[in-house]
Amino acid sequence: MIVSEAAEVTKERTEQPGDPCVMVIFGASGDLTKRKLIPALYNLARESLLSRHFAVIGFARRPMSNEEFRKKISQEIKEFATSPVDPELWDRFVKQLYYLPGDVQDANSFRELQSVLAQIDKEHGTRGNYFYYMAMAPDFFCPIVQQLGATGLVREENGQWRRVIIEKPFGHDLDSARALNQAIRQVLSEKQIYRIDHYLGKETVQNILVFRFGNGIFEPIWNRRYIDHVQITVAEDLGVEQRGDYYEEAGTLRDMVPNHIFQLITLTAMEPPISFEADAVRDEQAKILRAIQPLSPEEVLTLTVRGQYGEGQIGGEPVPAYRSEPKVAPDSRTETFVALKLSIDNWRWADIPFYLRTGKRLPKRVTEIAIEFKRAPFILFRKTPIERLTPNQLVLHIQPDEGISLRFGAKVPGPLVRLGAVNMNFDYADYFGSTPSTGYERLLYDCMCGDATLFQRADMVEAGWSVVAPILDVWKALPPRAFPNYASGTWGPKEADELMERDGRRWRKISD
Ligand code: BG6
């Protein structure tokens, strides 16, 4: 049976706990730590995927003792754990957590970190393996790496490993990403750098590769001969919440496209890698990023759409306009919605458009990749109006529903030949049950095991920025005139629909 076979495979892959190590979290008093990192580590502990020789040092400015930190985390886990917390396991887990107050710009703090690390390493038998997680604002990434370098905390010797996980945003454009890569590579080798993109931690995103390359029937039709176009929707119903200051600088294009959405595109479009070794997979992803045709300034005007939400309603509740959100300028020109048409210039995808849209305050949270196939070449059923012969569509549902569905035509029962569109659905939760997770478990575990497949290499990050650079340039030179241009709770500005309609296509209707 499918379920038990699958369970076997998973078990083999994951039975080994990660290497003995200490994880240092810079920014341990922040949101990411309590919402994602600690719950993810706890889930790993529950699955016996943490080494028995493991410890965490939380590092942040706020003065706190180990005991106070443990108490705080024990409170927070009640809110952020993805399933009920087992008190016995938690008691054991929390004893592995330590706290060090310090300033990431002060060399003394790093000397202190060095001695605390040495002590904890000895107590927990972590063999001198350390990894550092940058859960702080991006301005601090480089100074922290430099301080780690100066203190000798990233030197790998006597079989010890030292790794650094860097959160997004990795730069805010091509130049800054290059500069950051250059600066951190003066201290670290590429194999020590784990640039994280939490989209790759999502089960359904990882499943794109399994779906494509673990089955024989899809690959032969996964190309320009059979596919009409691909459309990717990453919609959020939330607004910018408390992140107005960050968002004003970033905007949706930077926030979502060169990272999360490009992950979805590369996994959908890449050639089969020669193995599942990190570089084999990442080489193929990088090739796709390099094959995405950069837009000319004229194309930016016709093939890109930006929007900003005005006030409206979400789930029947009134919500404010972006310009009325905290820490947002009342005349802000920052985009909260983007739609693009991109082409991938290679043998497999020439002339097959990839449309993508993403935005905040859309009617619902949904991420999906829809592959639309070409219509049947000959209309045998003449009495069926042609527009009713809906093309086959394969949809990879990433979130919140996780699954895959295939739409095809079927005869509507009755004496006449009439065609209707029906769906064949696979739902993850139905088959495998649901194992709620934060999405960070796999990424943290992989870092502990030294598997960088799901992390970004420098060239990939830079290639991603190269694609969006011309868009950023034109948008900067020509500020938007009509913001806000979509009401909260709608599917974005009308230009996004026109982008598709001009090509005789339309966005998949997603029920609100
Ligand atoms: C983050 C962005 O990287 O991803 C946020 O900064 C966005 O603006 C979030 O809301 C979306 O992630 P998810 O996992 O909720 O789809």
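For the structure itself, consult the block above.
Since the model is a prediction, treat every value here as computed from it, not as a measurement. (Residues numbered from 1 in each chain as written. Predicted model: local features only at pLDDT ≥ 70, side-chain atom pairs only at ≥ 80, totals over all residues. Heavy atoms only, no water.)

Draft legend 1. Region of the structure containing the nonpolar core. If you look at the biggest cluster of nonpolar residues, it comprises 133 residues, and the most contacted ones within it are Leu 41, Ile 265 and Leu 444. Ranked by residues supplied to this core, first place goes to helix α14 (residues 458-477) with 10 residues. The contact partners of Leu 41, leaving out residues within four places of it in the chain, are Met 23, Leu 50, Phe 54, Val 56, Phe 93, Leu 444 and Met 448. Tyr 247, Tyr 355, Met 500 and Ile 510 belong to the second-largest nonpolar core, a separate cluster that totals 19 residues. (Core = buried A, V, L, I, M, F, W, Y, C linked by side-chain atoms within 4.5 Å. Buried < 20%, exposed > 50% of the residue type's maximum accessible area, 1.4 Å probe, protein only. Helix = DSSP H or I, 4+ residues; strand = E, 2+ residues; numbered from the N terminus. Contact = heavy atoms within 4.5 Å.)

Draft legend 2. Quick look at the site of the ligand. Around the ligand, the neighbouring residues are Lys 168, His 198, Tyr 199, Lys 202, Glu 236, Arg 243, Asp 255, His 260, Lys 360, Arg 365 and Gln 399. Between Lys 168 and the ligand, the recorded distance is 2.8 Å, taken from a side-chain N or O atom to an oxygen atom. At 2.6 Å from an oxygen atom of the ligand is found a side-chain nitrogen or oxygen belonging to Tyr 199. Broken down by class, the residue content of the shell around the ligand amounts to 1 nonpolar, 3 polar and 7 charged. (Near = heavy atom within 4 Å. Polar contact = N/O pair within 3.5 Å; in protein donor to acceptor, adjacent residues only side chain to side chain. Nonpolar A, V, L, I, M, F, W, Y, C, P; charged D, E, K, R; others polar.)

Draft legend 3. Highlighting the packing of helix α9 (residues 244-269) against helix α10 (residues 278-291). Viewed as axis vectors pointing N to C, α9 and α10 meet at an angle of 110°, and their least axial separation amounts to 9 Å. It follows from the interaxial angle that α9 and α10 lie roughly perpendicular. Residue-level inspection shows Phe 262, Gln 263, Ile 265, Thr 266, Leu 267 and Ala 269 of α9 in contact with α10, the latter providing Gln 285, Ile 288 and Leu 289. Split into classes, the residues belonging to the contact of α9 with α10 amount to 6 nonpolar, 3 polar and no charged. (Axes fitted to C-alpha atoms, helices over the stretch in contact; angles between N-to-C directions. Parallel < 35°, antiparallel > 145°, perpendicular 65-115°, else oblique.)

Draft legend 4. Representation of a nonpolar patch on the surface. On the surface, a nonpolar cluster with roughly 410 Å² of combined accessible area is contributed by Phe 378, Leu 380, Phe 381 and Val 417. Here Phe 381 shows up in the loop between β14 (366-373) and β15 (393-399). (Patch = residues over 30% accessible without salt bridge, like charges linked within 9 Å, V, L, I, M, F, W, Y side chains within 5 Å. Areas by Shrake-Rupley, 256 points an atom, 1.4 Å probe, with all protein chains shown as cover. Salt bridge = Lys/Arg side-chain N within 4 Å of Asp/Glu carboxyl O.)

Draft legend 5. Summary view of the state of the cysteines. The full count for this structure, using the stated rule, is 0 disulfides. As a non-bridged cysteine, Cys 21 has Cys 447 as the owner of its nearest cysteine sulfur, 7.8 Å distant. In this model Cys 142 remains outside any disulfide bridge; the closest cysteine sulfur is found in Cys 447, 19 Å from its own. Cys 142 gets classed as buried once you look at its relative accessible area, which sits at 18%. (Disulfide = S-S within 2.5 Å.)

Draft legend 6. The arrangement of the sheet that holds strand β13 (residues 353-359) in detail. The strand order β8-β12-β13-β7-β14-β15-β16-β17 describes an open sheet built from 8 strands, whose pairing is mixed. With partners counted over all chains shown, the strands left at the sheet margins are β8 (304-307) and β17 (419-427), one partner each. Put simply, the sheet's adjacent strands are angled 15° from each other on average, direction ignored. The pairing of β8 with strand β12 (residues 337-343) spans 4 bridges and is classified as antiparallel. If you follow Thr 304 over to β12, its bridge partner there is Leu 340. Against the sheet, helix α8 (residues 203-213) touches β14, β15 and β16 (403-411), its axis set at about 145° to β15. (Pairing = 2+ DSSP bridges.)

Draft legend 7. Summary view of the sheet that holds strand β4 (residues 130-134). Pairing in this open sheet of 6 strands is parallel, and the strands run β3-β2-β1-β4-β5-β6 from one edge to the other. Looking at which strands have only one partner, the edges of the open sheet turn out to be β3 (97-101) and β6 (193-195). Averaged over all adjacent pairs, the angle separating strand axes in this sheet is 20°, with direction ignored. Strands β1 (21-26), β2 (54-60), β3 and β4 of the sheet are contacted by helix α2 (residues 31-46), whose axis makes an angle of about 170° with β1. In this fold helix α6 (residues 141-150) packs onto β1, β4 and β5 (162-166), with an angle of close to 160° to the strand it touches most, β4.

Draft legend 8. Inspection of unusual backbone geometry at higher detail. In this chain, Gln 399 is followed by Pro 400 through a cis amide linkage whose omega measures -5°. As for its position among the elements, Pro 400 is in the loop between β15 and β16. In the segment running from Phe 483 into Pro 484, the intervening peptide bond is cis, with an omega of -5°. Phi at Asn 158 is positive, roughly 50°, even though this residue is not glycine. With phi around 70°, Asp 351 is a residue other than glycine that occupies positive phi space. With relative accessibility at 66%, the residue Asp 351 sits in the exposed group.

Draft legend 9. Structural context of the packing of aromatic side chains. By the definition in use, this model includes 24 aromatic pairs. When the centroid spacing of 5.0 Å and the interplanar angle of 35° are considered together, the rings of Phe 69 and Tyr 99 count as tilted. Separated by 30 residues along the polypeptide, Phe 69 in helix α3 (residues 66-80) and Tyr 99 in strand β3 bring together distant segments of the chain. Tyr 99 matches Phe 69 in its accessibility class, with the two residues each being buried. With a centroid separation of 6.3 Å and an interplanar angle of 75°, the aromatic rings of Tyr 355 and Trp 507 are classed as edge-to-face. (Phe/Tyr/Trp six-rings, centres within 6.5 Å; stacked < 30°, edge-to-face > 60°.)

Draft legend 10. Expanded view of the pattern of salt bridges. Across all of its chains, the model carries 27 salt bridges by this definition. Between Asp 31 and Lys 34 there is a salt bridge whose closest N-O contact spans 3.8 Å. Placement of the pair is Asp 31 and Lys 34 together in helix α2, with a separation of 3 residues, close to one helical turn. The class for Asp 31 is partly exposed, based on a relative accessible area of 44%. Linking Arg 195 and Glu 190 is a salt bridge whose minimum nitrogen-to-oxygen distance equals 2.8 Å. By relative accessible area, Glu 190 is classed as partly exposed at 23%. Residues joined by salt bridges that share partners form a network here, namely Asp 279, Arg 282, Asp 283, Arg 457 and Asp 459.

Draft legend 11. Region of the structure containing a negative patch on the surface. Together, Glu 203, Asp 401, Glu 402, Asp 427 and Asp 430 make up a region of like negative charge exposed at the surface. Note that Asp 427 resides in strand β17. Overall, the relative accessible area of 33% leaves Asp 427 in the partly exposed class. (Lys, Arg positive; Asp, Glu negative; His and termini not counted. Charge placed at Lys NZ, Arg CZ, Asp CG, Glu CD.)

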